Amino acid sequence: MGIYLVENTSMTIRDIESGSRAWLPVRADEGYDFEIVKIDKGIIADIPDGKSICDNLIYSIPKKIGGYNITWIVELKGTKRDDKVGHAIEQITDTIGYLLDKEQYPEAQKYMQKRDLVFGLIVGAPDKTLPAFAKEDVKRLCQRLFKQSLKRKQIKDLYSLVFNIQPRKGHKARCEGKSSPYTITCYNSNGCEIPLPSMFTDMVL
């Protein structure tokens, strides 16, 4: 159903159809393959009028015993305008609800079932800073993601389950910020992609 990213290779996730300028460069760690799945007009094709959902999800497929089963829900905003970005938290929350709807979207079930960790990613346009989100909104989303994560007892800070992604030219992937949502800066040149899943598991567990 999705596009596959195999271990030790990289990919840049884009949403060309919507005209978004955001993109997410990722690299698969050794021992992991990933499925990149289109959500909006993909596995969820018919949402109510006035509602919007996230663009993609990333689904880890561990190739070794003890590997992490992780889902990242990705919203490619591609703008810094408050009126366009402000509802990203709500979009991720609503998307979780649709993915868990067994009757309406049975094919979406596997992407949320038996996941060790579930993350929300809000991706901005290259070199454009995302606006701050209301702390209470971020906390509520993190609590929802926490409930979907089986390794709850190992998570050091449940409020680290939401990340802003900021593409910046020449930046190797690194995490910045003192409070959630943390910002990961990265770029789509060789060696600057976000390593999956290690960048997240090393920080959160």
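Given the structure is predicted, the values throughout are model-derived calculations rather than measurements.

What counts, and at which threshold
- Note that residues are indexed from 1 along each chain, following the sequence as it is written.
- Thresholds applied to this predicted model are a pLDDT of at least 70 for local features of residues and 80 or more for the giving and counting of side-chain atom pairs; totals over whole chains, interfaces and linings are not thresholded and use all residues.
- As a rule here, side-chain values come from all non-hydrogen atoms in the structure, and water together with hydrogens is ignored.
- Following DSSP output, two strands are said to pair if at least two bridges run between them.
- Here a strand is any run of E in DSSP of at least two residues, a helix any run of H or I of at least four, and the numbering for each starts at the N terminus.
- To obtain an axis, a line is fitted to C-alpha atoms, over the contacting stretch when the element is a helix, and the angle between two such axes runs from 0 to 180 degrees between their N-to-C directions.
- Whether two residues are in contact is decided by their heavy atoms: any pair within 4.5 Å suffices.

(A) Just the sheet that holds strand β2 (residues 10-14), in detail. Within the open sheet, the three strands sit side by side as β2-β3-β11. Their pairing is mixed. With partners counted over all chains shown, the strands left at the sheet margins are β2 and β11 (194-196), one partner each. Geometrically, the sheet is characterised by an average inter-axis angle of 35 degrees between neighbouring strands, direction not taken into account. As judged from the five bridges shared by β2 and strand β3 (residues 23-28), these two strands associate in the antiparallel manner. The partner of S10 across the bridge, within β3, is R27.

(B) Structural view of the sheet that holds strand β7 (residues 117-123). The eight strands lie next to each other as β1-β4-β5-β6-β7-β8-β10-β9, forming an open sheet whose pairing is mixed. Edge positions in the sheet fall to β1 (3-5) and β9 (174-176), since each of these pairs with one other strand and no more. When the angles between neighbouring strand axes are averaged without regard to direction, this sheet yields 25 degrees. The pairing of β1 with strand β4 (residues 32-38) spans three bridges and is antiparallel. The residue of β4 that forms the bridge with Y4 is E35. Along the sheet face, helix α2 (residues 88-99) touches β5 (56-62), β6 (70-76), β7 and β8 (162-167) and points at about 135 degrees away from the line of β6. Strands β7 and β8 of the sheet are contacted by helix α3 (residues 135-148), whose axis makes an angle of about 145 degrees with β7.

None of this, on its own, says anything about what the molecule does.
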